[in-house]
Amino acid sequence: MKIAFVGGGNMAAALIAGLAGKVAPGANIHVVDPNPASLEKLHAQHGVSTAAAADAAVAEAEVIVLAVKPQSMREVAAQLLPLLQASGREPLLLSIAAGIRAADLSRWLGGYGAIVRTMPNTPALIGQGVTGMVASAGVSAPQREAADRIMKAVGQTVWLEDEAQIDPVTAVSGSGPAYVFYFIEAMQQAALEMGLTAEQGTQLAIATFTGAAQLAAQSDEPVSVLRERVTSKGGTTYAALTSMEASGVKAAIITALKAAAARGKELGDELGKAS
């Protein structure tokens, strides 16, 4: 498989690290980015070919991964359009840009059909990501399989039937790592206030999250059952959860995720405005 990346930032680098030598040899991966330092590093690590701007090698790929900032996507589409038209081919476009709807990307590319929109998250940087994915009608079965193989190089994939579901995915898993870090910060602060050292609080909080997440992942039982098993009525866990319920913590989290999803829809509206 020949794969081209437009954008060589952190998420692209994580994908390339997962792909090179496994899904495709480094020599079959082409990376476009204006930052020469990023290109030099990727070439040295994985043997990829590079270019400072979109070139014919991009259009020759079977899959083009669009890994640029959402605000830059319209400009990138304008650069790609003549290259794709000149090639006479329709490679798969795999977008990992937040907020850019497939319909808008298609419109900027003159009605392009083979687009898979994705929403990965930052644990992809260590091969532990999860990516929501949705294919446009013009994506063939082999192209869908190729998209799945690429994103599975950095974690799990979840396929969606409707692109509107990308906004909830963004709220749950795309933004989700920040919620986890936020809760860890709160546990660290509580540990300090209760007399533990910063190092002890950090170790305890992170190890607890890691262990609990792995337990949930490996268990056949619902997380509600796992929670109940730790919660003896009248015990310490019961006291903590009762306090959280009284403070409306669960309701606040649900409201927060809905706010994130709503903002995702707003960003799609803003970024996709016709001009």
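Please read these numbers as outputs of a predicted model, since none were measured by experiment. (Residues numbered from 1 in each chain as written. Predicted model: local features only at pLDDT ≥ 70, side-chain atom pairs only at ≥ 80, totals over all residues. Heavy atoms only, no water.)

(A) Representation of the overall build of the protein chain within the structure. Of regular secondary structure, the protein chain possesses twelve helices and eight strands. Viewed in the frame of its principal axes, the protein chain has a C-alpha envelope of about 70 × 40 × 35 Å. Residues counted as buried form 37% of the 275 residues belonging to the protein chain. Of the charged side chains in the protein chain, 20 are positive and 24 negative; the average position of the first set lies 2 Å away from that of the second. (Helix = DSSP H or I, 4+ residues; strand = E, 2+ residues; numbered from the N terminus. Buried < 20%, exposed > 50% of the residue type's maximum accessible area, 1.4 Å probe, protein only. Lys, Arg positive; Asp, Glu negative; His and termini not counted. Charge placed at Lys NZ, Arg CZ, Asp CG, Glu CD.)

(B) Broad picture of the sheet that holds strand S8 (residues 155–159). Strand order across the open sheet formed by eight strands is S3-S2-S1-S4-S5-S6-S7-S8, with mixed pairing between neighbours. Strands at the two margins of the open sheet, each flanked by one partner only, are strand S3 (49–51) and S8. Neighbour-to-neighbour, the strand axes of the sheet open up by a mean angle of 20°, direction not taken into account. As paired elements, strand S5 (residues 92–95) and strand S6 (residues 115–119) share three bridges and run parallel to each other. Considered in S6, the bridge of Ser95 is made with Arg117. (Pairing = 2+ DSSP bridges. Axes fitted to C-alpha atoms, helices over the stretch in contact; angles between N-to-C directions.)

(C) Spotlight on the environment of Ser219. Considering the arrangement of structural elements, one finds Ser219 in the loop between helix H9 (198–218) and helix H10 (223–230). Linking Ser219 and Gln189, residues 30 residues apart in sequence, is a C-alpha distance of 30 Å. Only 3.0 Å separates the side chain of Ser219 from the backbone nitrogen of Glu221, close enough to count as a polar contact. (Polar contact = N/O pair within 3.5 Å; in protein donor to acceptor, adjacent residues only side chain to side chain.)

(D) Molecular detail of the pattern of salt bridges. Summed over the entire model, instances satisfying the criterion amount to eight salt bridges. Close ionic contact of Arg117 with Glu163 constitutes a salt bridge, the shortest N to O distance being 2.9 Å. You can see Arg117 sitting in strand S6 and its partner Glu163 sitting in the loop between S8 and helix H7 (166–174), a full 46 residues away along the chain. Residue classification places Arg117 among the buried residues on the basis of a relative accessible area of 4%. Residues Glu270 and Arg263 are paired through a salt bridge, measuring 3.0 Å at the closest nitrogen-oxygen approach. By relative accessible area, Glu270 is classed as partly exposed at 40%. Via salt bridges that share partners, Arg101, Lys265 and Asp269 belong to a single interconnected network. (Salt bridge = Lys/Arg side-chain N within 4 Å of Asp/Glu carboxyl O.)

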